[in-house]
Amino acid sequence: MIFAAYKLDIVTALSAALALRTIVSLYSYSGAGKPPMYGDYEAQRHWQEITTNLPPKDWYRNTSDNDLLYWGLDYPPLTAYHSYLLGSIARRYNASFVELYKSRGIESNEHKNFMRLTVLFADIVLYLPGLLIASLAILKQQQVKKSLLLYLIPMAFYPGQILIDNGHFQYNNISLGLCLLAIASIYKEKIYLGAFLYTSALNYKQMELYHALPFFVYMLRTCFDQKKFSTKAKTFILLALTVSSTFIVLWLPWLQSLNSILEVVGRLFPIGRGVFEDKVSNFWCAINVVYKVKDKLLNQQMAILCFGLTAAFVLPINIHLFFNKRKETFILSLVNTAMSFYLFSFQVHEKSILLVAAPAMLLFSRYPQETFWFLEATVFSMFSLFIKDGLILPFFILLFIYHVVIKQFILEHFNFLESRSTILSAISSVSVFSMFITAFISLIVPPPTKYPYIWPLLISVYSFVHFILYFGFSLKHQFMNDGNNKLKSK
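Draft legend 1. Inspection of the overall build of the protein at higher detail. A count of helices and strands for the protein gives 21 helices and zero strands. Relative to a compact globule of 490 residues, whose C-alpha radius of gyration would be 23 Å, the protein shows 22 Å and is just as compact. Projected onto its principal axes, the C-alpha coordinates of the protein cover approximately 70 × 65 × 60 Å. For the protein, buried positions account for 54% of its 490 residues. Partitioning the contacts of the protein with sequence separation of at least 6, the portion at a separation of at least 24 is 78%. Distance from the positive charge centre (42 side chains) to the negative charge centre (28 side chains) of the protein: 9 Å.

Draft legend 2. A look at helix α4 (residues 109–142). End to end, α4 covers 47 Å across 34 residues, agreeing with the expected 50 Å (1.5 Å per residue, within 8%). D123 marks where α4 bends most, by close to 45 degrees.

Draft legend 3. The environment of I50, seen in detail. Tracing the backbone shows I50 in helix α2 (residues 40–53). In sequence terms I50 and N66 are 16 residues apart; their C-alpha atoms lie 7.1 Å from each other.

Draft legend 4. Molecular detail of the nonpolar core. F215 and F395 are the most contacted members of the largest nonpolar core, which totals 133 residues. Ranked by the residues each element gives to this core, the list is headed by α4, at twelve residues. The contact partners of F395, leaving out residues within four places of it in the chain, are L163, V379, F380, F383, F386 and A439. Judged by nonpolar contacts, the second largest core, of 14 residues, contains Y60, L73, A80 and W251.

Draft legend 5. View of the pattern of salt bridges. Scanning the entire structure with this criterion turns up 13 salt bridges. A salt bridge links K57 to D58, with the nearest nitrogen and oxygen atoms 3.6 Å apart. Classification of K57 as partly exposed rests on a relative accessible area of 45%. The closest approach of N and O atoms between R61 and E263, which form a salt bridge, is 3.2 Å. You can see R61 sitting in the loop between α2 and α3 (77–93) and its partner E263 sitting in helix α11 (residues 258–268), a full 202 residues away along the chain. Owing to a relative accessible area of 22%, R61 belongs among the partly exposed residues under this scheme. Residue E263 is classed as partly exposed on the basis of its relative accessible area, which comes to 25%.

Draft legend 6. Structural context of unusual backbone geometry. A cis geometry characterises the amide bond from P35 onward to P36, with omega recorded as 5 degrees. Following the sequence through the fold, P36 ends up in the loop between α1 (2–24) and α2. A positive phi angle is found at F169, which is not glycine, with a value near 100 degrees. With respect to the helices and strands, the residue F169 is situated in helix α6 (residues 159–169).

Draft legend 7. Highlighting the packing of helix α9 (residues 212–224) against helix α14 (residues 299–323). One way to put it is that α9 packs onto α14 with a least axis distance of 9 Å and a crossing angle of 30 degrees. Classed by the angle they form, the pair α9 and α14 counts as roughly parallel. Pair α9 / α14 crosses with right-handed handedness. Contacts between α9 and α14 involve L213, P214, V217, Y218, L220, R221 and F224 on the former and, on the latter, V314, N318, L321, F322 and F323. Here the residues of the contact of α9 with α14 are counted per class, giving ten nonpolar, one polar and one charged.

Draft legend 8. Here's a closer look at the packing of aromatic side chains. A complete count under the given rule lists 36 aromatic pairs for this structure. An angle of 70 degrees between the planes, with centres 6.2 Å apart, marks the rings of W59 and Y81 as edge-to-face. Here W59 is found in the loop between α2 and α3, whereas its partner Y81 is found in helix α3, with 22 residues between them in sequence. The partly exposed category is assigned to Y81, whose relative accessible area is 24%. Pairing F380 with Y462 gives two aromatic rings, centres 5.9 Å apart and planes at 85 degrees, and the pair type is edge-to-face. With F380 in helix α17 (residues 368–381) and Y462 in helix α21 (residues 454–489), this pair connects stretches of sequence that are 82 residues apart. Take Y462: its relative accessible area is 26%, and that puts it in the partly exposed class. A connected cluster of aromatic rings, assembled from ring pairs, spans Y342, Y367, F374, F467, Y470 and F473. Above the plane of the ring of Y70 lies R104, whose end atom (NZ or CZ) is 4.2 Å from the centre.

Draft legend 9. Representation of the confidence of the model for the protein in the model. Per-chain confidence: the protein averages 90 in pLDDT, with 92% of residues scoring 70 or above. Mean pLDDT across the elements of the protein bottoms out in helix α13 (residues 293–296) (76) and peaks in helix α8 (residues 191–202) (98). Confidence drops under pLDDT 50 across residues 486–490; counting only partners more than four residues distant or on other chains, this segment forms two contacts.

Cut-offs used in this document
- Residues numbered from 1 in each chain as written.
- Predicted model: local features only at pLDDT ≥ 70, side-chain atom pairs only at ≥ 80, totals over all residues.
- Heavy atoms only, no water.
- Helix = DSSP H or I, 4+ residues; strand = E, 2+ residues; numbered from the N terminus.
- Rg over C-alpha atoms; globule rule 2.2 N^0.38 Å.
- Buried < 20%, exposed > 50% of the residue type's maximum accessible area, 1.4 Å probe, protein only.
- Contact = heavy atoms within 4.5 Å.
- Lys, Arg positive; Asp, Glu negative; His and termini not counted.
- Charge placed at Lys NZ, Arg CZ, Asp CG, Glu CD.
- Expected span 1.5 Å × (residues − 1).
- Bend = angle between axes of the 7 residues up to and from the residue.
- Core = buried A, V, L, I, M, F, W, Y, C linked by side-chain atoms within 4.5 Å.
- Salt bridge = Lys/Arg side-chain N within 4 Å of Asp/Glu carboxyl O.
- Axes fitted to C-alpha atoms, helices over the stretch in contact; angles between N-to-C directions.
- Parallel < 35°, antiparallel > 145°, perpendicular 65-115°, else oblique.
- Left-handed = near helix turned anticlockwise from the far one by under 90°.
- Nonpolar A, V, L, I, M, F, W, Y, C, P; charged D, E, K, R; others polar.
- Phe/Tyr/Trp six-rings, centres within 6.5 Å; stacked < 30°, edge-to-face > 60°.
- Lys NZ or Arg CZ within 6 Å of the ring centre and 35° of its normal.
- pLDDT = per-residue confidence, 0-100.

This is the structure we're talking about:
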C-alpha cells in the first residue's frame, strides 16, 4: 500500500508538471503576429513544410523551392526526420498546415493547438521519462536514502525548459531527453546504449556538442579499464561501430557526395552570424561592455579566439575526468564543459544555458541550495527573450512557484536541513528577489535614450556573475572532491 501510494505521488507530480506545461502552451510564442519572418514557431513549421514537399537532398540547399534565407533548416538530420514525421501527420490532419509557399506564417488557433500538442507529446514520451529514469539511476548508484520525489519535482518543474519549449516554442525536450537517457545508461553501465542515445541527441541538435567531450572521455576510459587488451579493443570497436553506424544511417541521404555533406555542415555551423546575436549572459557579451569585441575583431578572428579560450577550460576538465573516472565526476564534467562552451564559445544563444541546466539538475541530491540558485539565475537570464515572446506573466508565475513553493517545500520537508546553510539561503533569497525587482522595473521604467539596451544588458551581466560563481563552485567540486575521496580511501 505504501509503495502504491508513493508511485501515485510520482505520477501526480509528473501530471502536475505536464498540466503546468499545458497552461503555458496557451500563451504566446516566438514571432507571433510579427511578419515577415515571424519566429522559432514558424521556423519549426516551415521545416515541416520543406521536408514533406521536397526530397532530402534539397532540405539543406538553396533552391527555387527552398529559400534558405527564410528559416532554412539548420539542425542535424534527426531534426529533419522529426519535422518530416510531424509534417506528414499535419498533412493528413490539415494539408494547409504544410502547403508549399501558401502555408508560410500560418497563425490559426487550430494550427497552434497542433504544434503545441507535438511539444507536449515529446514531454510525455521522452523528456519527463528521461528525468525519471536518470533520477532513479543516479539515486540508486549514490545509495542515498532521500526520496525520489524530492529529486524529481525540482527537475520536472524547472521553468527554463517549460518557458522555452512550451512557451517560446522549441523541441529541446527531445535532445535533452535523449541526453538524460544516455546519462542514465552510463550510470547503469549500459555503455553501448548510452553511446547510441547520445549520438542521437547530437544528431537532433548540434548544440549537444556541449556534452560531447565528457561522454567521449568517459567511454574511452571505460575501454582502458578493461583488464585484457582484447577486451579493451573489443569495447572500443563496438563503441566506434555504434557511433559511426548511427551517423551513417541518419546521414545516408547526404553521403552520396562530399558537396552534399558540406552543404549540411555549412548550415549547422554558420560562422557568419557572429559571436552572439542578442544580450547573452556569457563572457563575450559582458566584456563587450568595456571592449567592443564585435566591432574590433573579424568573425574568423573571433572564432579562433573563442576556440582557444574554450579549449583552455574544457581540456583540463576532461583530462581530469579521464584520470578520475567516477559517476559524479562525470556529471560535474558535463556541467563544467557545457558551461565553458556557453561562457566562451562562438555563436551562443541565450537558450543554450539549458544545456548547462540539464546536467546541473542531476546534482540536486548533493548540492540542493546551489543548484536551485543556479537554475533560477538561468531562467532570469532569458527574461529579455520572454518579453519578446509575450511570456512575461508565465515567467513571473513560474519563477515565483519555483522559488517560493517548490524550493521551500523540497529544502524544508525532505531532510535537506542537515546540509542547509543559513547564510547561503539568505544570500540566494536576496539574489533571486533582486531578479524579480530588476525584471519588474525593466518593464515599467523606460531606458535612457542614450542607452536603449541598458535593461537587457543589466540582466545579462547580472546573470553572468551568477554563472561565473556557479562555474567556480562546480569546478571546485570536480577537482577537489576527487582529491578528498582519494585521501579518505588512503
